[in-house]
Each structure stands twice: as structure tokens, then as C-alpha cells.
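These are the residues of each chain, in order.
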Amino acid sequence: MTANLTTILSSKTKQVEIYRSRPTVMIGERINPTGRKKVLAALQAGDFDIVRQDAISQVAAGAVVLDVNAGVPGADEPALLKKLMQMVMEVTDVPLCIDTADPEALAAALSVYEGKPLVNSVNGEERALSAVLPLVKEYGAAVIALCMDDDGIPETPEKRLAVAGKIIERAGKLGIPPEDVVVDPLALTMGAESNAGRIALETTALVVKEFGVNVTMGASNISFGLPDRKYINSTFIAMAIHAGLTCPITNPMVSEVMLAVLAADLAMGRDEYAMNWIKAYRARNKK
Ligand code: THG
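Residues numbered from 1 in each chain as written. Predicted model: local features only at pLDDT ≥ 70, side-chain atom pairs only at ≥ 80, totals over all residues. Heavy atoms only, no water.

1. Focus on the pattern of salt bridges
Piece 1. This model, assessed by the stated rule, comprises 12 salt bridges.
Piece 2. The partner of D54 in a salt bridge is R36, and the shortest N-O contact between them spans 2.8 Å. Taken as a pair, D54 in helix α2 (residues 49-61) and R36 in the loop between β3 (27-31) and α1 (37-44) lie far apart in primary sequence, 18 residues in all. In terms of burial, D54 and R36 fall into one category: buried.
Piece 3. By sharing partners, the salt bridges in this structure join R30, R36 and D54 into a single network. (Salt bridge = Lys/Arg side-chain N within 4 Å of Asp/Glu carboxyl O. Helix = DSSP H or I, 4+ residues; strand = E, 2+ residues; numbered from the N terminus. Buried < 20%, exposed > 50% of the residue type's maximum accessible area, 1.4 Å probe, protein only.)

So, in C-alpha cells, the structure goes:
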């Protein structure tokens, strides 16, 4: 059992600490045209209001970091990502999670970011490691390590653990400390593979035990294509928090999910005197 590590992210004015005995850090998923058709249509029409609105409303709902993805087919991703990030930084003051697979877009985004962002993401493919990790080091960022490599997504938790280990080691060689590597065990849709949830949960537990690093997940992926997603997502996220998840990328505006996170934090001893639970209760009942 390794000691739990603390990952620190920051914006110009705010610092966020990710640590296993502290409240779960919600990373808002909604600014993502690849994951949301409405955002895609708005961006294609040159309408950016939805981005500002999604930034403000996710923070109001409890997100303390915002994921920003600018994957619009045919668009100039470096320029668009920079623009979306600047827009989000104008209307909120939370740290950002830069969601791109394009190293050029990543470099552009890092150059305009003020603070310490979370780079989303690097994986174990040789090409990704050599393109992304030097940028992470240069800008002093933290990075999400996806448990997949040149051979694809491993089917067993042990093999995913090995990919995480490889990425942590490569990062270390460049001077990126393990606390700045946040592992993503990969939450895939359970509608297509009924073991997807279990594998993500078991990988999470192994990664925590072996490396003590923080763990993220695109936690809503799990229910793609299934009905009544909010019940699946809220149950799964509580289980993942028990396994060691510390900073899910998810939708804080789904109250079932937010309540499950608050209740799981309480059950895990991450909510001293139940302050967060009571605060959220009062906020709900004021309306
Ligand atoms: N790991 C990491 N980053 C990620 C993911 C991950 N980033 C992208 C994604 N996965 C997480 N983001 C989302 C965003 C939206 C949804 C799920 C994950 C989602 N969208 C609804 C849908 O598709 O049905 C909403 C659709 C809509 O409004 O149009 O569920 O795994 N590191």
C-alpha cells in the first residue's frame, strides 16, 4: 500500500487539491462537442453562448474543475480550443482540464492558460508519450494517463495497471512527479461489454494500492445507450469512489449523481461533520 498523493491544480486565482481523504473533485464534462450534439451544433453555427452557460451552470452545481473539449470535425482545433478556454476563464475562476488528443491543440491551449491545468490526456502509445509528456513538463501541468497503449485497451485490470505504471515511469524520467499523474482506468459502456464497470472498478483499486495516485474516469461513459442513465451513473460513481476514484469527469447538473457523490464522500469519511451534505441540503431546500 502506497501513501496517497495530492494533486494540485490551479487557475489564476484558485487552487484545487485532489486527495483521497478530501471531498471528491467534480470535473464538469459538458463543454464537449464530441460528447454533446447540442454543443456541436452551436459551435458549428458560431454560437458560443452555450459554452459560457455550461461553464457557469456546472460550477453553480458543484464542479470545481471544468473539462474543455473543442473536437468539432473540420474545425481548426488549436484555435477553437484556445478560444473556448479563454471564454470559460472569463466567466468562471476554476482550473481547467484540457481535453484533446491533438498535441498541437494542447500546445496552443497551454500557452494561453494561466495556472496549473490538468492535461487530458496521454496514453501509453509511444507517439503520445513522446508528444504530450514534454509539454506537460514544460508547462508544469498535471496529466491524465489513460490505461491503453499501442496494443489497444487491455481487457484485464492487471494489464491496465501495467500501462499506468509505464506512463508513471516515463513521466518520472522527464521530471514529472507521480502526484501530477492522474490515472484513468477507462470506463467503457456496459451496454456493449457487461464487464466494463467491474474492470474499471478493479483497475481503480489496483492503481490506488500500487501507486497511491489520484484516479479520474469519464464516469458517464458507463451508461451510453442505456435507458435511465442517471440511476446507473449515480450507483456506479459511488462504487468507484469506494474503489478509489477521486476526480470524476461527469455532469454535476444531474442531481442524482451529485447526491451520490456527496453521500459516498460522507460514507468514506471525506466530509467532516457532514458539512458538505448539510450545505447541499440547505441549498436544495431554499429554492
Ligand atoms: N476519460 C477522459 N476524458 C474523457 C472521457 C474519459 N473525456 C470525454 C468523455 N470521456 C467524458 N465526457 C463526456 C461528455 C458527455 C457525455 C459523457 C462523457 C455524455 N453525453 C450525453 C450523451 O452522449 O448521451 C449527452 C448528449 C447530449 O447532450 O447531446 O453522456 O472517459 N480522461
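2. Describing the sheet that holds β3
Piece 1. As summarised here, the arrangement of the 7 strands in space is β8-β7-β6-β5-β4-β3-β9, forming an open sheet in which the pairing is parallel. In the strand order of this sheet, the two ends are held by β8 (181-184) and β9 (249-250), each with one partner.
Piece 2. Examined bridge by bridge, strand β7 (residues 142-146) and β8 share 4 bridges and lie parallel to one another. From the neighbouring strand, V143 faces β8, where its bridge partner is V181. (Pairing = 2+ DSSP bridges.)

3. Description of the site of the ligand
Piece 1. Around the ligand, the structure places 16 residues, and the nearest of them are D99, N120, D184, N221 and R229.
Piece 2. Interatomic distance of 2.9 Å between a side-chain N/O atom of D99 and a nitrogen atom of the ligand.
Piece 3. Taken by itself the ligand offers 670 Å² of open surface, and the protein chains cover 74% of this.
Piece 4. Partitioning the shell around the ligand into residue classes produces 4 nonpolar, 6 polar and 6 charged. (Near = heavy atom within 4 Å. Polar contact = N/O pair within 3.5 Å; in protein donor to acceptor, adjacent residues only side chain to side chain. Areas by Shrake-Rupley, 256 points an atom, 1.4 Å probe, with all protein chains shown as cover. Nonpolar A, V, L, I, M, F, W, Y, C, P; charged D, E, K, R; others polar.)

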